[in-house]
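Understanding the architecture of this molecule
Here is what each chain is made of, one letter per residue.
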Amino acid sequence: MNISDSIRYIGVDDHKIDLFEGQFDVPNGMAYNSYVIVDEKIAVLDTVDSNFTDEWLAKLDKELDGRQPDYLIAHHMEPDHSANIQVFAKKYPDAKIAASVGAFNMMKNFFGTDFPERKIVLKEGDKIELGKHTLNVIGAPLVHWPEVIMTYESTEKVLFSADGFGKFGAQDADEDWACEARRYYFGIVGKFGVNVQAVLKKAAALDIQTICPLHGPILKENLGYYIDLYNTWSQYGVESDGVMIAYTSVYGHTKQAVEYLADELTKKGCPKVVVCDLAREDMAEAVEDAFRYGKLILATTTYNGEIFPFMNTFIRELTERNYQKRKLAFIENGSWAPMAAKYMTKLFVDGKDIELVGTVTIKGAVTDENKAQLTELAEKFK
């Protein structure tokens, strides 16, 4: 796990957690990454979750090998990374604590102090000289908290990217990076695409050989692949050619319409059709797919004059993450007063570059006329 002889990994794996941030299912756990750079001076980069204090301190002590750290650098103040700042401060009283001004303000909230006798306030362009290694500070506000900084170690060309380029899953999780990184990105960072773009422009000027995030694996090979995905995601671009159909169904008729439409899309050569039952599938997975593909069809019943609750939640999850640049259509079902399409249209009213292609209205059961309309819709979305 070490990056080099001088840059060493002291993070931990959490296999007991079931929900990350109280909402995201993480069946393969989470990694809380922390690093130490051993040079003429020693810098510790971030801490870990409070449930792993002893394990983290043991790893740190081993790497220090009797020496004392000179700095603790806090890139990000979420407690899964900052919880042990005060523990560190007590154990190593001579070490300086370096972070952004926003981070120090948050330390007052978390710990009752901002360590005034020891703090070094970092801003864009600042440097921390360790000997052969130099950490260069990069401002990264709202990626995804306002106090975030990243650092670039210019000797070994390592970007310490805070939550950027992170993913769900512990270090020993045997899984595809893109799937869980995509779910992580759109679930947690997705609202802040403009801010991610600003950081990517700064990163483009750097010779980066390794990316060390605060979650997930250390990235050393094919970095262009990861950076290109982040560029696509943060511009709300289309990653994969295909159609997502997200639906809710009470008695099965709306589901029948969705299955008919999916079959028609496949027959017409659509490269990928993803069907999601919002009542049964993971909401974060559904959000991930909605941003992955360029075409989205929403099918739901009218419910209390609006729409079914799972669909309401799904759309709000999209819009609060700035869902845009997509082709959209509705299937509504209402036995006596179909209102779903009208309500969904209002929810997307502030969306940028969303093309509403059309609506198919079902009044109870799917009719032959509805099937013809669904076939026509498939032609527009294939």
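Thresholds, definitions, all that
Counting of residues starts from 1 at the beginning of each chain's written sequence and follows it residue by residue. Only residues with pLDDT of 70 or above have their local features reported here, since the model is predicted, and side-chain atom pairs are shown and tallied only from 80 upward, although totals for entire chains, interfaces and linings are computed over all residues. Excluded from the side-chain calculations are hydrogens and water; all other atoms, namely the structure's heavy atoms, are used. In this description, the term disulfide denotes a pair of cysteine sulfurs within 2.5 Å. Throughout this description, buried means an accessible area under 20% of the type-specific maximum (1.4 Å probe, protein chains only), exposed means over 50%, and partly exposed covers the range between. Where helices and strands are cited, they refer to DSSP runs of H or I of at least four residues and of E of at least two residues respectively, numbered from the N terminus. Note on terminology: a nonpolar core comprises buried Ala, Val, Leu, Ile, Met, Phe, Trp, Tyr and Cys residues joined through side-chain atoms within 4.5 Å. Residue contacts are defined here by distance: any two heavy atoms, one from each residue, within 4.5 Å place the two residues in contact. We call two strands paired when DSSP finds no fewer than two bridges between them. Here, the term right-handed applies to a crossover whose path from the first strand over the helix to the second runs clockwise when the strands point away from the viewer. When we speak of the arc, we mean the arc of directions from the helix axis to the C-beta atoms.

**Description of the state of the cysteines**
- Evaluated as defined, the whole model comprises 0 disulfides.
- Cysteine C270 shares no disulfide, and the gap to the nearest cysteine sulfur, in C276, comes to 16 Å.
- On the accessibility criterion, C270 (9% relative accessible area) is buried.

**Section: unusual backbone geometry**
- With an omega of 5°, the peptide bond between V143 and H144 qualifies as cis.
- Within the secondary structure, H144 sits in the loop between strand 12 (134-139) and strand 13 (149-153).
- Although it is not a glycine, D46 adopts a positive phi angle of roughly 70°.
- Structurally, D46 can be placed in the loop between strand 7 (42-45) and helix 1 (53-64).
- Even without glycine at this site, Y236 takes up a positive phi of about 60°.
- With respect to the helices and strands, Y236 occurs in the loop between helix 7 (223-234) and strand 16 (240-247).

**Some remarks on the nonpolar core**
- Residues F20, M107, L298 and F314 are the most contacted members of the largest nonpolar core, which totals 94 residues.
- In terms of residues, this core owes the most to one element, helix 5 (residues 177-189), which gives 8 residues.
- If we skip the residues at most four places from it in the chain, F20 touches V26, M30, Y32, D80, F168, Y184, I188 and H215.

**Quick notes on the pairing of strand 17 (residues 273-277)**
- Note that strand 16 and strand 17 share 5 bridges and pair parallel. Across the sheet, the residue bridging to Y247 is D277, located in strand 17.
- In the classification by handedness, the crossover that spans strand 16, the intervening helix 8 (residues 253-267) and the parallel strand 17 is right-handed.

**Some details on helix 6 (residues 193-203)**
- Of all the positions in helix 6, only G193, V196, Q197, V199, L200 and A203 are classed as buried. An end-on view of helix 6 places all buried positions within 165° of arc, on one side of the element. Exposed side of helix 6, more than 90 degrees from the buried face: V194 and K201 are the residues found there.
- Lining the buried residues of helix 6 we find strand 12, strand 13, helix 5 and helix 7.

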